[in-house]
Every structure is written in structure tokens, then in C-alpha cells.
Amino acid sequence: MNLILLGPPGAGKGTQARMLAESHGLVQLSTGDMLRAAVAAGTEIGIQAKETMERGELVSDDIVIGIISERIDDPDCADGFLLDGFPRTLAQAEALDEILTQKNKKLDAVIEIRVDDEQLVGRIAGRFTCAKCGEGYHDTFRRPERDGICDKCGGSEFSRRKDDNEETVRSRLQAYHAQTVPLIGYYGESGKLKSVDGMLDIESVNRQIEEALAGL
Ligand code: AP5
Ligand code: MG
Ligand code: ZN
């Protein structure tokens, strides 16, 4: 099964992607995570993307299309993948269609997680992540069972993203509305779009997605 998770910053794409990857044996492909890794490693792509990401704008289509096109060829993607944060522009969506056709793969569903803008700022402001395994947490909505210890790996170091400040969140939201929202119509026409109510708690959102997938 090959899926796309679509939604604004802070909607819960990463949170749901990790749950679905586990329950369905899919590989999570997050362009945001890949770009952050490139920035941390100081690669050519990382150097190009760093400032754009810090401003909360989208990096160039060419960069992310290249990353995804290569990554999809890896053997671990053969049994299914979950795109988290890609595509984000019509050009990326069209390129993805071409890539999948070329590689003889198909898209099964596009899951849109709907959340109001006001809720997103609070979700992003409270987010933190385990530095060792990448598990995501929230100061209010998803605290580790024991304070300061990751539920998944026992790690005790956590990090917060550089672009998770109010000013950058506003430009990320702006980019979403201007450049990514048109994809809802694009995938709606293809009949692959499944929209879920992302305002509910994490488990309820997960249940809605599982129900949508069961109906495929
Ligand atoms: P990216 O990393 O993709 O960031 P984003 O789209 O802004 O989304 P987030 O990761 O912030 O949110 P999420 O939906 O994953 O939410 P999460 O599950 O963490 O992209 C970063 C940057 O990279 C972009 O700005 C751009 O510059 C660049 N980039 C990436 N892809 C690109 C592309 N394709 N093209 C061009 N540029 C690209 O949840 C958020 C918080 O809320 C967590 O703390 C979580 O615990 C909590 N939470 C989750 N669900 C719920 C719930 N239901 N109720 C309560 N709390 C919840
Ligand atoms: Mg994410
Ligand atoms: Zn961990």
C-alpha cells in the first residue's frame, strides 16, 4: 500500500505516519525529516535548504522531487510507503504521478488531516521529539509516561525544531494555504482523497484513518 498524508503544519502527519508505519509495515518518507538530516549533516542539499526552512518557506520542487524519486527505489519501499509532507505543490504532485508510472507503482489513497489554524499554533509550540529514536511528544497532548524518558526507546534527550516558533509557523501556514491546498482538489478529482477530522485526539484520528483504509 502506498499512501500520502496531507495536512497543514502541526496537523499530526508525522504522529499518524509513525502509527500507520507500524500497523501496516510501511516505510515513512518524511521530506521534512530528510531535509533536517541533510541540514544537520551539512550536505549540499542541506546547505541549500537551511535558510528557506528557517523562514518557513518551501524548498525548491527540484530538490524534494529528486530526494523522493531516489528514495522510492530503495528496497525497503517495495512493500509500501507513506509520504509525509510530500507532495506540497501541484508541480510535486504531477512529478510524483510521473515517477510512480515510470516505476510501475501506484498510489492507493491520499489522507487529508483537517485541523483549524488556531489549533495548529498550540500543537507546534508544545512539540518535542526524542533525539535518539524520533518519537514525537507534546507538552500537553502527549507527554511521555515518565517525565524526561522516551516511552519507545528509554532515551532521555529531546529536541525542539528550529522552525517551531510563532513567526515561522505563520509563514509555514501561509505556504500551506497558498501552495498545498490546491492538492486537495487535485486528489479529490482522482477519487483517492480521504479526509479525516484532525481536531480529535491522536487515537481518534488514527481510528478514522484505519477505517478509511479498511474501505479501500
Ligand atoms: P515538515 O517537517 O513536513 O513540517 P510541516 O509540514 O510544517 O509539518 P510538521 O512536521 O510541523 O507537523 P506534523 O503534521 O508532522 O505534526 P506532528 O505529528 O509533529 O516540513 C518542514 C519544512 O521542510 C517546510 O517548512 C519546508 O521548508 C521543508 N519541506 C518539507 N517537505 C517539503 C516539500 N515537499 N516541498 C518543499 N519544502 C518542503 O504533530 C504536531 C504536534 O501535535 C506534536 O507534538 C504531536 O504530539 C501533537 N499532536 C499530533 N496529533 C495530535 C492530536 N490529534 N491532538 C493533539 N495533539 C496532537
Ligand atoms: Mg512532521
Ligand atoms: Zn526515543
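Rules behind the numbers
Residues numbered from 1 in each chain as written. Chains lettered and ligands numbered in written order. Predicted model: local features only at pLDDT ≥ 70, side-chain atom pairs only at ≥ 80, totals over all residues. Heavy atoms only, no water. Core = buried A, V, L, I, M, F, W, Y, C linked by side-chain atoms within 4.5 Å. Buried < 20%, exposed > 50% of the residue type's maximum accessible area, 1.4 Å probe, protein only. Contact = heavy atoms within 4.5 Å. Phe/Tyr/Trp six-rings, centres within 6.5 Å; stacked < 30°, edge-to-face > 60°. Helix = DSSP H or I, 4+ residues; strand = E, 2+ residues; numbered from the N terminus. Axes fitted to C-alpha atoms, helices over the stretch in contact; angles between N-to-C directions. Parallel < 35°, antiparallel > 145°, perpendicular 65-115°, else oblique. Nonpolar A, V, L, I, M, F, W, Y, C, P; charged D, E, K, R; others polar. Donors = N, O, S within 2.8 Å, 3.2 Å for Na, K, Ca; no water. Tetrahedral: all angles 85-135°; square planar, octahedral: opposite > 155°, others 65-115°. Near = heavy atom within 4 Å. Polar contact = N/O pair within 3.5 Å; in protein donor to acceptor, adjacent residues only side chain to side chain. Areas by Shrake-Rupley, 256 points an atom, 1.4 Å probe, with all protein chains shown as cover. Pairing = 2+ DSSP bridges. Salt bridge = Lys/Arg side-chain N within 4 Å of Asp/Glu carboxyl O.

A. Layout of the nonpolar core. If you look at the biggest cluster of nonpolar residues, it comprises 30 residues, and the most contacted ones within it are Leu 29, Leu 35, Leu 83, Leu 96 and Tyr 187. Beyond its immediate chain neighbours, meaning those up to four positions away, Leu 83 contacts Leu 3, Ile 4, Leu 5, Leu 29, Ile 68 and Leu 96. Of all hydrophobic cores here, the second largest spans 19 residues; its members include Ala 17, Leu 20, Ile 111 and Val 169.

B. Geometry of the packing of aromatic side chains. A full pass over the atoms with the stated rule returns 4 aromatic pairs. Each ring, one from Phe 128 and one from Phe 158, has its centre 5.4 Å from the other, and the planes form 80°; the classification is edge-to-face. Separated by 30 residues along the polypeptide, Phe 128 in strand β5 (residues 127–130) and Phe 158 in strand β7 (residues 158–159) bring together distant segments of the chain. Judged by its relative accessible area of 10%, Phe 128 falls in the buried class. Overall, Phe 158 belongs to the partly exposed group, its relative accessible area being 26%. The rings of Phe 128, Tyr 137 and Phe 158 are connected pair by pair, giving a single aromatic cluster.

C. A look at the packing of helix α2 (residues 31–41) against helix α4 (residues 61–71). Closest axis-to-axis distance for the α2/α4 pair is 11 Å, and the angle between their directions is 105°. Judged by the angle between their axes, α2 and α4 are roughly perpendicular. The segment α2 lies against α4, with Thr 31, Met 34 and Leu 35 engaging Ile 63, Val 64, Ile 67, Ile 68 and Arg 71. Taken together, the residues of the contact of α2 with α4 break down into 6 nonpolar, 1 polar and 1 charged.

D. Representation of the coordination of the zinc ion (ligand 3) within the structure. Of the protein atoms, only Cys 130 (SG), Cys 133 (SG), Cys 150 (SG) and Cys 153 (SG) coordinate the zinc ion (ligand 3), at distances of 2.2 to 2.4 Å. Each of the 4 donor atoms bound to the zinc ion (ligand 3) contributes to angles spanning 100 to 113°, and the resulting shape is tetrahedral. Sequence spacing among the residues donating to the zinc ion (ligand 3) works out to C-x2-C-x16-C-x2-C. With a gap of 20 residues between them, Cys 130 in strand β5 and Cys 150 in the loop between β6 (136–138) and β7 connect regions that are remote in the sequence. For the residue pair Cys 130 and Cys 150, the accessibility class agrees, reading buried in each case.

E. Local environment of the site of ligand 1. In the region of ligand 1, 34 residues are neighbours, and Thr 15, Glu 57, Arg 88, Arg 127 and Arg 172 sit closest. Here an oxygen atom of ligand 1 sits 2.6 Å away from a polar atom, N or O, in the main chain of Glu 57. In isolation ligand 1 has 1,000 Å² of accessible area, and contact with the protein removes 96% of it. Put simply, the parts of the chain that give the shell around ligand 1 at least two residues each are α1 (13–24), α2, β6 and α9 (202–214). Of all the elements, α2 adds the most residues to the shell around ligand 1, at 4 residues.

F. Region of the structure containing the sheet that holds strand β3 (residues 81–84). Spatially, the 5 strands line up as an open sheet ordered β2-β3-β1-β4-β8, and their pairing is parallel. The two strands at the open ends of the sheet, each matched to only one other strand, are β2 (27–30) and β8 (193–197). This sheet shows a mean twist of 20° between the axes of neighbouring strands, independent of strand direction. With 4 bridges connecting them, β2 and β3 associate as parallel partners.

G. Representation of the pattern of salt bridges within the structure. In total, this model carries 20 salt bridges according to the counting rule given. A salt bridge links Arg 114 to Glu 112, with the nearest nitrogen and oxygen atoms 3.1 Å apart.

Nothing here speaks to function; it is geometry throughout.
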